[in-house]
Amino acid sequence: MAKVKYIAGKEPHAKEHRMIFRNVDREGWDTSLATYQKEGGYKQLAKALKMEPKAVQEEVKAAGLRGRGGAGFPTGVKWGFVPPNNTKPVYLICNADESEPGTFKDRYIIHQDPHQLIEGLIISAYAVGAHLAYIYIREEFPEGAQILETAIEEARKQKFLGKNVCGTGFELEIYVHRGAGAYICGEETGLIESLEGKRPYPRIKPPYFPAAMGLYLCPTIVNNVESLCHVKHIIDMGADAYGKLGTPRNTGTRILCVSGDVKKPGYYEIQVGKVTMGELINDMCGGMKEGRKLKAVIPGGSSSKILRADEKFTLKQGDKDVEIGIEDIPMDFDSLMACGSMAGSGGVIVIDDSRAISWVLNNLNTFYAHESCGQCTPCREGSAWMKKITDRIVSGNASPEDVDTLESVAYNIDGKTICAFGEACSWPTEAMVAKFRDELIGDTDGKNAKRPVSKETQEAAKNLKSLTT
Amino acid sequence: MSDDKQQGVPMVNVQIDGEWHQFPKGTRMIEACRQVQVEVPHYCYHPKLSSPGNCRMCLVEMGMPPRLAPGEEPVKDKDGHQKIGWMPRPVIACANAVAENMGIRTDSELTKACREGVMEFLLVNHPLDCPICDQAGECSLQEYSAEHGKGDSRFRDEKNKKPKNVEIGPRIRLDDERCIMCSRCIRFCAETVDDPVLGFTDRGSHTVLAVHPNQQLANDYSMNTVDICPVGALTSNDFRFQMRTWFMKETSSICTSCGRGCNTTIGSREGTVFRQTPRDNNEVNSAWMCDHGRMNYHYLNSEARLTDPMIRKNGEEAHQVVPWSKAIRFAADELLKFNASEVAVIASGRMTNEELFMTRRLIAELSVEHVDIVLRRGKADDYLVAADKNPNTAGAKLVLGLKKPGGELAAIQKGIESGEIKALVVLQENLIDDTDFTTELLGKLDFLLTTYPLANPTADDSHVVLPGAAFAEKDGTMINVTGRLQRLNKAHQGPGQTMEVWEICRDLILAIDGGNGIYGVDDVFKEMAGQIKAFAGLTLSKVGDQGLPLLKTKLTVPMLEREKERIAKGEIVG
């Protein structure tokens, strides 16, 4: 393939492996179908349509593609969950609700290379036997939704969509559906409820596993934007070649979104596991800001458990257990899990020594309290309670016991809710209290212990009294 | 779940708190536990509604046998059970079904911790206003808090503020701060009565229950939401602040506002009825009743109640209060003055079978030929309300042997008009208001006797006015429109000197011929069972709280039919 020229100042780092993001920030590139086709666009679709759907599924399974939305579940295996004796329509949904704080990869695919997503989506729909696919895009991406609509229209005109895709008789329509601004719509069953026109209350599983009882209670596959794009490349390269990218069980490339206290925050597409945390932060992101030291990293989107800069982790290398520091952690699914966190959605949030951990935690708790759908008790009440406690820690109105309460509230949510939001909102607290307990207790002010009101309110109350006396 | 449904369903072995039991496959975990007297606390789960699993109160520790490697044989203990691998994550007992070799722990540390946690969460934003809350005493939050809560709060922050005292319908008031978002009311309105006017707005801890814009919770089943609300969020305008629940006496009875005979619990204290609530009966009303029937008790407590027997001799202007003995003697003497063909009896489809049977005895005693009841036809709805507004038309037809109920009234009118009928006995009816009988017509009679619970124009025109007990004040049975024999139980003695009509008839017969061997309502039923084939072999106690199918009809209950469909689909337990 021809060497790609990127916009000056936006060239990829040498350690990157641009595949999904090959056309992002590319000079002379636009979102038109003509541009996409100049580079061999929709050739993989034609190739896939010549295969049996089952063969496409097997190829994806053999490539070892793991979902890029957060859970890292093998995509091919997920596709295989559609009941074999199914007689209902099958739906494919592209989850473009990218709402995990710290994550901003899908929007670049949508904004700069929409046809890559659409091609991946059509191939995947063909593989799972769907004739109707939805792109559920978050409300905050109005431009992205417009770009997708235009791209779908172009694809339809060229017969890549419609009643007779590429003249093969395969039928597919794609609709773009815009959310209304809720984090929970990224949870697949919440997304499905929203798509059905209801409040996005996640469904209980069992029985509502989407692959069996999803949209309109029909088998439904929900895949992340990036995951669907990878399908196109698996068809292009073949499972074997694709599987050689990255590391065993952690194949392919993935886009890491780095934010926070580094010199060059941004997106970096790497071969999974071929880059360490240290290489990512120090080399690719240009290191920490001047005069600052690494304090901690949230490695896979805001809900993943925080890693302390001075922590030691034990990883298996071959048969041996090896002790490593944070900078030596390979950026892949299994290593981050072994370190007690997760690769999640690829959002790496770097925190330096200028940040108070109470502020970091309060920031996240505020987000999760705001985004809890409120359907089930522990998350609804617990997320808001945790926020109220950290509000007080930040404003110096907490007592040391509040830190213990905070931790126990988090554990009372974790594992007891309908959907994974329970874990998402409790893990930051669990990990930060466990790893930064002394700092959090230091932030509590003994003098103000057990006072529910803020210092400002107390001051205001004092003024009020002086007025009346 | 009915027994016949379980036939042919394979049984599975399930261990609950260390003991092995067998249940039909597909039984929900919570129901399996209930069947072996293990209570699993819950808020959102209701067997008649879908299971959203949102309250998380029914979380229990669950285990399954370990997954076997291909070719591996399961290791079983001497009783044939596999070792259970307990899961670290609790599961909800309400929406999950039992499976072979499943284990459930409702008393483990994990389960207890879950319950404590959920209780604490539910209480952090719940107002502590039990002393002024109508739900107190029958509040799940109160009960589970005592049983599964911590007894102490770690919550040091300000509670959320939400709308209070919101009129969401003509009969229902909402306190959003008390709401625990179980969504039972939302599901009831949407699923059971097809009136989806309730929903949640806002998000997270700020979620509030509300009626949709420009809507009201005004359907005829709205008050059922108050019953199923596990807390005091939804209260009834009718009942609120009237009586503390623990002071009330609860009496199982049936609603008499139409021919459905919805099973009820009467809540009363010291001779005053404070409310009627539906009582479960899967053959009659499931767990529901209509608002009209529920509210139709206020007349029992009315100022207009007749409390004493009264007589008005010919030529006198006003009625005089007399003792029962005098009133009965007077009535008997008057009735004996007429030939059998000169007397007519109009009884009521609102009377119990026992009252009707004693009426039948009185009719036989006097050899009366002109006998009928007043018909009440109205509109049925597609749920529970029947078109027949009499609760016991079937009983009247059967017991009085009426060929065509309501068919004799015109002849009676004609007889009065022509002077052939000179005396009329009206039992529990108000002819002037409820039929086309007029004061003028009744004025032609030489003798008119009326029993009724309330003062009314027909009583005004009567020579003898006897205070007849109303439904909450009597024991007996009725037959509903689908042919089911059901019991009324006496919540309390009616006001003043009120008597049940079977007693009045008994005393009249006694006064006429000197003896009848009837002392109590059981004696009436016994004799009725001896004389009327349909009741053969039955006793009052055999009828029980759930009633018995007595007459074959092909009628079905629309609401029950829909519930059966939902049970078959597995949407609800039923």
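All residue numbers refer to position in the chain's written sequence, counted from 1. Chain letters and ligand numbers both follow the written order, the letters beginning at A and the numbers at 1. Reporting of local features is limited, given that this is a predicted model, to residues whose pLDDT is at least 70; pairs of side-chain atoms are given and counted only at 80 or more, and all residues count toward the totals for whole chains, interfaces and linings. Side-chain measures here rest on the full set of heavy atoms in the structure, leaving out hydrogens and waters.

Undergrad: Looking at this structure, I do not really get the layout of surface pockets. What am I missing?
TA: In this approach the atoms are scanned with a rolling probe the size of a water molecule, which exposes any empty space left behind. Looking at the second largest pocket, its volume works out to about 1,600 Å³. The rule is simple: put a 1 Å grid over the protein atoms alone, call a set of points where a 1.4 Å probe fits but cannot get out a cavity, call an open set with protein on both sides within 12 Å along at least five of seven lines a pocket, and count a residue as lining if it has an atom within 4 Å of a point. As for the second largest pocket, its lining consists of 50 residues, of which Tyr208(A), Ser50(B), Ser51(B), Pro52(B) and Glu191(B) are closest to the centre. Looking at side-chain class alone, the lining of the second largest pocket contains 24 nonpolar, 12 polar and 14 charged residues. Grid points are joined across faces, edges and corners, and a volume is the space filled by probe spheres set on the points. Classification convention: Asp, Glu, Lys, Arg as charged; Ala, Val, Leu, Ile, Met, Phe, Trp, Tyr, Cys, Pro as nonpolar; all other residues, Gly among them, as polar.

Undergrad: Sorry, what's going on with the interface of chain B and chain A here?
TA: A common measure of how large an interface is: the accessible area buried when the components associate. Taken together, the 36 residues of chain B in the interface contact 37 residues of chain A. Buried surface at the junction of chain B and chain A, both sides included, amounts to about 3,000 Å², of which 52% is carbon and sulfur. Contact with chain A buries area across many residues of chain B, yet Phe121(B), Arg156(B) and Arg203(B) alone supply 26% of it, more than any other trio. Salt bridges, as used here, are contacts in which a Lys or Arg side-chain nitrogen is within 4 Å of a carboxyl oxygen on Asp or Glu. The tally of links between chain B and chain A comes to three salt bridges. Between Glu423(A) and Arg89(B) there is a salt bridge, with its nearest N and O atoms 3.4 Å apart. Distance and chemistry together define a polar contact, namely a pair of N or O atoms within 3.5 Å, with one atom able to donate a hydrogen and the other to accept it when in protein, and with adjacent residues in sequence counting only for side-chain atoms on both sides. Counting across the interface, chain B meets chain A through 18 residue pairs in polar contact (both at pLDDT 80 or more). Going along the chain from the N terminus, every DSSP run of H or I of four or more residues is numbered as a helix, and every run of E of two or more is numbered as a strand. Elements represented by at least two residues in the side of chain B that touches chain A include exactly α3 (109–124) and β9 (198–201) of chain B. Counting residues per element, the side of chain B that touches chain A draws most heavily on α3(B), at seven residues. Across the side of chain B that touches chain A, the residue classes break down as 15 nonpolar, 11 polar and 10 charged. Only heavy atoms matter for contacts: two residues are in contact if any of them lie within 4.5 Å across the pair. We define buried area as the total accessible area lost by two parts upon association, computed with a 1.4 Å probe and summed across both.

Undergrad: Hey, could you run me through the environment of Ala387(B) in this one?
TA: Residue and element names in this part refer to chain B. Structurally, the position occupied by Ala-387 is in the loop between β18 (370–374) and α10 (393–400). Residues Ala-387 and Met-248, spaced 139 residues apart in sequence, show a C-alpha to C-alpha distance of 32 Å. Ala-387 has contacts with Arg-376, Arg-377, Gly-378, Lys-379 and Ala-380, leaving out every residue within four places of it along the chain.

Undergrad: Quick question: what am I supposed to make of the nonpolar core here?
TA: Nonpolar cores are built from buried Ala, Val, Leu, Ile, Met, Phe, Trp, Tyr and Cys residues. Side-chain atoms within 4.5 Å join them into one set. Relative accessibility under 20% of the residue-type maximum defines a buried residue, over 50% an exposed one, and the middle range a partly exposed one, all with a 1.4 Å probe and only protein chains included. In terms of nonpolar packing, the biggest core is built from 97 residues, with Ile306(A), Tyr43(B), Leu198(B), Leu209(B), Tyr221(B) and Leu234(B) touching the most fellow members. Residues contacting Tyr221(B), with those up to four places away along its chain left out, are Phe188(B), Val193(B), Met289(B), Cys290(B), Asp291(B), Asp381(B), Tyr383(B), Leu384(B), Val385(B) and Met559(B). Trp29(A), Tyr36(A), Ala155(A) and Ala211(A) belong to the second largest nonpolar core, which has 64 residues in total.

Undergrad: Would you take a moment to explain the pattern of salt bridges for this structure?
TA: Side chains that differ in sign of charge can pair as their charged atoms come close. Residue and element names in this part refer to chain B. Within the structure shown, the criterion is met by 68 salt bridges over all chains. Residues Asp-507 and Arg-506 are paired through a salt bridge, measuring 2.9 Å at the closest nitrogen-oxygen approach. Since its relative accessible area comes to 14%, Arg-506 is described here as buried.

Undergrad: Would you explain the domain arrangement of chain B in this entry?
TA: By domain assignment, chain B separates into domain 1 (3–68 + 79–117), domain 2 (127–139 + 151–247) and domain 3 (310–549). Just so you know, the domain bounds were taken from an automatic or database domain assignment. Each of domain 1 of chain B and domain 3 of chain B has a C-alpha centre, and the two are 53 Å apart.

Undergrad: What is the right way to read unusual backbone geometry from this model?
TA: Trans peptide bonds make up most of the peptide bonds, and negative phi angles are found at most residues other than glycine. Of the consecutive residues Lys205(A) and Pro206(A), the connecting peptide bond is found in the cis state with omega at 0°. Within the secondary structure, Pro206(A) sits in the loop between α8 (188–195) and β5 (220–224). Note that the residue after Pro206(A), namely Pro207(A), is joined by a cis bond; omega there is 5°. One can find Pro207(A) in the loop between α8 and β5. A positive phi angle, near 50°, is found at Tyr216(A), a position not held by glycine. Following the sequence through the fold, Tyr216(A) ends up in the loop between α8 and β5. Positive phi, close to 65°, is recorded for Phe241(B), a residue that is not glycine. Its place among the elements puts Phe241(B) in the loop between β11 (234–236) and β12 (249–254).

Undergrad: Is there a simple way to explain the domain arrangement of chain A in this structure?
TA: Residues and elements named next belong to chain A. What the domain assignment reports for chain A is domain 1 (33–244), domain 2 (251–352) and domain 3 (357–448). Each of domain 1 and domain 3 has a C-alpha centre, and these two points are 35 Å apart. Between domain 1 and domain 3, the residue contacts involve 13 residues of the former and nine residues of the latter. Summing both partners gives a buried area of about 920 Å² for domain 1 against domain 3, and 70% of it is carried by carbon and sulfur. Looking only at domain 1, the three residues that lose the most surface to domain 3 are Tyr-183, Ile-184 and Tyr-201, adding up to 52% of its buried area. Counting across the interface, domain 1 meets domain 3 through zero salt bridges. On inspection of domain 1 and its partner domain 3, the count reaches three residue pairs in polar contact (both at pLDDT 80 or more).

Undergrad: I would appreciate a short explanation of the confidence of the model for chain B in the present structure.
TA: Regions with low pLDDT carry predicted coordinates that are not meant to be interpreted in detail. pLDDT is a per-residue confidence score from the predictor, ranging from 0 to 100. Residues of chain B with pLDDT of at least 70 account for 99%, and the chain-wide mean is 95. Confidence drops under pLDDT 50 across residues 1–5 of chain B; counting only partners more than four residues distant or on other chains, this segment forms four contacts.

Undergrad: Looking at this structure, how should I read the packing of helix α9 (residues 353–366) of chain B against helix α16 (residues 521–531) of chain B?
TA: Think of two packed helices as two axes; the pair is described by the angle between the axes and how far apart they sit. All names here are of chain B. Axis definition: a line fitted to C-alpha atoms, limited for helices to the stretch in contact. Angles are taken between N-to-C directions and run from 0 to 180 degrees. Between α9 and α16, the shortest axis-to-axis distance is 9 Å and the interhelical angle comes to 70°. For the element pair α9 / α16, the angle class is roughly perpendicular. Relative to α16, the crossing made by α9 is left-handed. When α9 is examined against α16, the residues Asn-353, Glu-354, Phe-357, Met-358, Arg-360 and Arg-361 are found in contact with a partner set consisting of Val-521, Val-524, Phe-525, Glu-527, Met-528 and Gln-531. Here the contact of α9 with α16 is built from residues that sort into six nonpolar, two polar and four charged. We call two directions roughly parallel when the angle between them is under 35 degrees, roughly antiparallel when it is over 145, roughly perpendicular when it lies between 65 and 115, and oblique otherwise. For any helix crossing, the convention is left-handed if the near helix is rotated counterclockwise from the far helix by under a right angle, and right-handed if that rotation is clockwise.

Undergrad: What am I meant to see in the sheet that holds strand β19 (residues 423–427) of chain B here?
TA: As a general point, the strands of a sheet are linked pairwise by backbone hydrogen bonds and lie either parallel or antiparallel. Residue and element names in this part refer to chain B. Two strands qualify as a pair provided DSSP detects at least 2 bridges between them. The strand order across the open sheet formed by seven strands is β16-β15-β21-β20-β19-β17-β18, and the pairing between neighbours is mixed. Each edge of the open sheet carries a strand with a single partner, namely β16 (320–321) and β18. Pairing of strand β20 (residues 447–452) with strand β21 (residues 464–467), which is carried by four bridges, proceeds in the parallel orientation. Bridging across to β21, Tyr-452 finds its partner in Pro-467.

Undergrad: For this particular structure, what's the right way to read the side chain of Lys474(B)?
TA: Residue and element names in this part refer to chain B. Mapped onto the secondary structure, Lys-474 falls in the loop between β21 and β22 (476–479). A polar contact of 3.0 Å, which involves the side chain of Lys-474, links it to the side chain of Glu-355. Beyond its immediate stretch of four places on either side in the chain, Lys-474 contacts Arg-350, Met-351, Thr-352, Glu-355, Gln-428, Ala-469, Leu-488, Asn-489, Lys-490 and Glu-500.

Undergrad: Any chance you could explain empty space enclosed by the protein here in plain terms?
TA: Considering all chains together, one arrives at five cavities of 30 Å³ or more under this definition. Its boundaries defined by the atoms lining it, the largest cavity holds a volume of some 90 Å³. Around the largest cavity, the lining is made up of 13 residues, and of these Cys179(B), Cys182(B), Cys185(B), Cys229(B) and Ala233(B) lie nearest the centre. Split into classes, the residues belonging to the lining of the largest cavity amount to 12 nonpolar, one polar and no charged. Looking at the second largest cavity, its volume works out to about 80 Å³. Along the walls of the second largest cavity sit 14 residues, with Glu381(A), Leu122(B), Asn125(B), Glu177(B) and Cys179(B) positioned nearest its centre.

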